[in-house]
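Here is what each chain is made of, one letter per residue.
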Amino acid sequence: MKILGLTGGIGMGKSTAATAFRRAHIPVFDADAAVHRMQARGGRAVRAIEAAFPGTVRDGAVDRVALRHAVLGKPDALARLERILHPMVEREEREFVARARRHGNRAVVLDIPLLFETHGDRRVDHVIVVTAPPSVQMQRIRHRRRMSDADIKAVIARQMPDAQKRRRADTIIHSGLSRHHSWKALSRLVREVRT
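Summarised in this report is the structure supplied together with it. (Residues numbered from 1 in each chain as written. Predicted model: local features only at pLDDT ≥ 70, side-chain atom pairs only at ≥ 80, totals over all residues. Heavy atoms only, no water.)

1. Describing the overall build of the protein chain
For step 1, the next point in the chain: Each helix and strand counted, the protein chain has 9 helices and 7 strands in total.
For step 2, the next point in the chain: Here the C-alpha radius of gyration of the protein chain, 17 Å, is about what a compact globule of 195 residues would show, namely 16 Å.
For step 3, the next point in the chain: Reported as C-alpha extents along the three principal axes, the dimensions of the protein chain are approximately 50 × 40 × 25 Å.
For step 4, the next point in the chain: Here the protein chain holds 195 residues, and 49% of them are scored as buried.
For step 5, the next point in the chain: Across the protein chain, the fraction of contacts at a sequence separation of at least 24, relative to all contacts at a separation of at least 6, is 71%.
For step 6, the next point in the chain: Charged side chains of the protein chain number 38 positive and 20 negative; the gap between the two group centres comes to 4 Å. (Helix = DSSP H or I, 4+ residues; strand = E, 2+ residues; numbered from the N terminus. Rg over C-alpha atoms; globule rule 2.2 N^0.38 Å. Buried < 20%, exposed > 50% of the residue type's maximum accessible area, 1.4 Å probe, protein only. Contact = heavy atoms within 4.5 Å. Lys, Arg positive; Asp, Glu negative; His and termini not counted. Charge placed at Lys NZ, Arg CZ, Asp CG, Glu CD.)

2. What to know about the environment of valine 190
For step 1, the next point in the chain: As for its position among the elements, valine 190 is in helix α9 (residues 179-194).
For step 2, the next point in the chain: Between the C-alpha atoms of valine 190 and arginine 22, which are 168 residues apart in sequence, the distance is 10 Å.
For step 3, the next point in the chain: Once residues lying within four places of it in the same chain are set aside, the contact partners of valine 190 are Ala20, Phe21, Ala24 and Ile26.

3. Here we look at the packing of helix α2 (residues 31-39) against helix α5 (residues 75-102)
For step 1, the next point in the chain: Interaxial distance between α2 and α5 falls to 10 Å at its minimum, and their mutual angle equals 115°. With respect to the hand of their crossing, α2 and α5 are arranged in right-handed fashion. Of the residues in α5, those in contact with Ala31, Ala34, Val35, Arg37, Met38 and Gln39 of α2 are Leu85, Met88, Val89 and Glu92.
For step 2, the next point in the chain: When grouped by side-chain class, the residues that make up the contact of α2 with α5 number 7 nonpolar, 1 polar and 2 charged. (Axes fitted to C-alpha atoms, helices over the stretch in contact; angles between N-to-C directions. Left-handed = near helix turned anticlockwise from the far one by under 90°. Nonpolar A, V, L, I, M, F, W, Y, C, P; charged D, E, K, R; others polar.)

4. With respect to the nonpolar core
For step 1, the next point in the chain: In terms of nonpolar packing, the biggest core is built from 35 residues, with Ile49, Phe53, Val71 and Leu110 touching the most fellow members.
For step 2, the next point in the chain: Among the elements that make up this core, the one with the highest residue count is α5 (10 residues).
For step 3, the next point in the chain: Contacts of leucine 110, omitting those with residues within four sequence positions, involve Ile3, Leu4, Gly5, Leu6, Phe29, Glu93, Phe96, Val97 and Val124.
For step 4, the next point in the chain: Formed by 19 residues, the second largest nonpolar core is a distinct cluster that contains Ala17, Phe21, Val130 and Val190. (Core = buried A, V, L, I, M, F, W, Y, C linked by side-chain atoms within 4.5 Å.)

5. As for unusual backbone geometry
For step 1, the next point in the chain: Backbone geometry places aspartate 59, a non-glycine residue, at a positive phi of 55°.
For step 2, the next point in the chain: For aspartate 59, the position within the fold is in the loop between β3 (57-58) and β4 (61-62).
For step 3, the next point in the chain: Using a relative accessible area of 66% as the deciding quantity, one classes aspartate 59 as exposed.
For step 4, the next point in the chain: The backbone phi angle of histidine 119 is positive, close to 60°, even though this residue is not glycine.

Note that every value here comes from positions in space, so none of it alone points to a role or purpose.
The following block contains the structure:
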């Protein structure tokens, strides 16, 4: 079974790429969605996050805005949060890959925003990086998320620079040109994966 790693900075168009794989019936593990489940009411990370960051849990779920303010621009706090979340996400990822193998899937996609930063690229056979110009990236983030420009810049600063990701990629998908261009490139990639 071929394991593909899908990554790209915030607002680069990674979700569109993941959708293309899902439509082609290639299973996708979404690391962000796993984190959301872990931080939701009853999620496996809620207690540990409350213990590490008192006041960030409300009504049994992690208040993501409060948590973001507790860690952004604070490397020690961010490292503490990552020590809680990353092992949990990797465990879910391993379970996902094992299930896909049992079901006889020929390929899976691991959609991991911090693929390089967490050394997840060591666990995949092929790395796909989705990229877009900085102006398009900022416009997308402002449109989709309620974040200040300072918060957006802090998140981008935490991620590996786009140019560095592109240098380490096996395949680069340019999502800032047009939706048609992106889908065409993704369709070509899906065909290659299937063969």
